[in-house]
Amino acid sequence: MSKVWFITGASRGIGREVARAALAAGDMVVATARNPQQVEAAFPGEADRLLALSLDVTEEGQSQAAVDAAVARFGRIDVLVNNAGFGQLGAFEEVGAEDIVRQYGTNVFGLFNVTRAVLPVMRRQRAGRIFNLSSMGGTKGFAGASVYCSTKYAVEGYSESLALEVAEFGIRVTIVEPGFFRTDFLDGSSVRYGSKVIEDYVPSSTARRAAYDQYSHRQAGDPAKLGRALVTLAGAAEPPLRYAAGTDALEGIAATLTARLEELERWRSLSASTDIVESAA
Ligand SMILES: NC(=O)c1ccc[n+]([C@@H]2O[C@H](COP(=O)([O-])OP(=O)(O)OC[C@H]3O[C@@H](n4cnc5c(N)ncnc54)[C@H](OP(=O)(O)O)[C@@H]3O)[C@@H](O)[C@H]2O)c1
């Protein structure tokens with residue numbers, strides 16, 4: 001049976017490619033974006049199965065209005081893709097407090113806003129799939145990305161817990177952990193760098209930014225293939241809780257998990273030493 005998708009940040013990048021893959025699979029797509037005209041221009045002639053809606057995820061009221069419009073048009077929402085996001089890069093001390101609020105407003109509170117509006121629909125249906133875009137940076141830290149990684153770690157902890165809360169209603173949550181994908185993510189139209197200049201950080205920050213500028217639009221990950229992978233996962237009887245996308249994510253996450261387990265073992269006796277030992281009497 002064809003599905004109804006609700007995708008945030010569908011104007012470009014991964015979100016647009018997920019929309020393309022879902023349409024190609026014969027599904028119906030509610031593709032939301034700050035500028036829905038961009039979505040309509042990307043998918044001409046798809047008006048029967050495509051609803052392009054205006055949605056800035058930082059505006060809570062817009063989430064509810066978009067969800068209401070989606071249900072009015074297609075009657076249900078089977079798959080939510082919380083994709084909208086951007087990278088606030090720079091060392092922690094280089095990033096201003098307002099920029100951190102802005103980063104959380106989109107990557108974390110924006111994702112909460114949309115999920116809060118969609119969950120009642122999925123609970124009524126007693127069915128639904130949610131894909132939350134985290135990152136390889138939601139499983140391991142990267143120097144020069146402390147603020148961004150912290151938002152993706154928030155997405156991970158939230159999603160893992162939400163999955164436990166909504167499983168009884170037939171709702172399944174999958175955390176998507178891409179490595180580097182060839183989108184506008186590192187492009188000046190999306191990424192933001194720290195605005196404070198602190199001499200100590202200048203050499204490392206300048207080198208990192210030059211490397212990212214060089215890598216922009218050369219990343220190994222293909223967003224069209226990721227779009228098709230999400231279509232496969234949406235149709236899987238037992239979707240994974242976490243899905244790593246790309247060989248860089250696979251290798252990076254595996255190495256991080258191994259190192260974490262080794263560290264846990266190395267400190268096992270000190271970890272186990274902190275329990276209160278009740279006296280036998
Ligand atoms: N590409 C990567 O290497 C990579 C790796 C790991 C994780 N990710 C994650 O994947 C997701 C998509 O990124 P991408 O690579 O596709 O980047 P992108 O090409 O820069 O696209 C980002 C999308 O998010 C939208 N967006 C940003 N703020 C928004 C807001 N407040 N409300 C609604 N939409 C908003 C953008 O809309 P506008 O067109 O209006 O700006 C755009 O459609 C993000 O969550 C990102 O953190 C990406």
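Everything here concerns the structure above.
Everything quoted here is computed from the prediction, not taken from an experiment.

(A) Quick look at unusual backbone geometry. Positive phi, normally seen in glycine, also occurs at Arg126, with a value near 55°. Among the secondary structure elements, Arg126 is positioned in the loop between helix H5 (109-125) and strand S5 (128-133). Its identity is not glycine, yet His217 carries a phi of approximately 65°, on the positive side. By the secondary structure assignment, His217 is in the loop between helix H7 (202-215) and helix H8 (223-234).

(B) Broad picture of the pairing of strand S6 (residues 171-178). Extensive coverage of S6 is indicated by the burial of 7 of its 8 residues. Sheet topology note: the S5/S6 ladder contains 6 bridges and is parallel. When the sheet's bridge partners are listed, Arg129 is paired in S6 with Arg172. Handedness of the crossover joining S5 and S6 through helix H6 (residues 146-166) is recorded here as right-handed. Bridge count for S6 against strand S7 (residues 242-245) is 4 bridges, and the pairing is parallel. Across the sheet, residue Glu177 finds its bridge partner in S7, namely Ala244.

(C) A look at the pattern of salt bridges. In total, this model carries 12 salt bridges according to the counting rule given. Residue Glu238 pairs with Arg172 through a salt bridge whose shortest N-O separation is 3.2 Å. Here the residue Glu238 occupies a position in the loop between H8 and S7, and Arg172 occupies one in strand S6, the gap between them amounting to 66 residues. For Glu238, a relative accessible area of 60% puts it in the exposed group. What makes Arg172 partly exposed here is its relative accessible area of 29%. Among the ionic pairs, Arg242 bridges to Glu177, the shortest N-O distance being 3.3 Å.

(D) Structural context of H8. With 12 residues, H8 should reach 16 Å at 1.5 Å per residue; the first-to-last C-alpha distance of 16 Å fits that figure. Of all the residues in H8, the buried ones are Pro223, Leu226, Gly227, Ala229, Leu230, Val231, Leu233 and Ala234. Buried residues in H8 make contact with strand S1 (4-7), helix H1 (13-24), strand S4 (79-82), S5, S6 and S7. Taking the backbone nitrogen of Ala224 as reference, a side-chain oxygen 2.9 Å away marks Asp222 as the first, capping residue of H8.

Criteria and cut-off values
Residue indices begin from 1 for each chain and proceed along its sequence in written order. Where local features are concerned, this predicted model is filtered to residues with pLDDT of at least 70; where side-chain atom pairs are given and counted, the filter is 80 or more; whole-chain, interface and lining totals use all residues. Water and hydrogen atoms play no part in the side-chain values, which are based on all heavy atoms of the structure. Runs of E in the DSSP output that reach at least two residues are strands. Runs of H or I that reach at least four are helices, and both are numbered from the N terminus. Exposure categories follow from relative accessible area, calculated using a 1.4 Å probe and restricted to protein chains: below 20% of the type maximum is buried, above 50% is exposed, and the middle band is partly exposed. Pairing between strands is defined by DSSP: at least two bridges between them are needed. Looking down the strands as they point away from you, a crossover is right-handed if its path from the first strand over the helix to the second goes clockwise. Salt bridges are counted wherever a side-chain nitrogen of Lys or Arg sits within 4 Å of a carboxyl oxygen of Asp or Glu. Here the expected length of a helix is defined as 1.5 Å per residue gap, with one fewer gap than residues. Any two residues whose heavy atoms approach within 4.5 Å at even a single point are treated as in contact. Polar contacts, as counted here, are pairs of nitrogen or oxygen atoms within 3.5 Å of one another; within protein the pair requires one atom able to donate a hydrogen and one able to accept it, and residues that are adjacent in sequence qualify only if both atoms are side-chain atoms.

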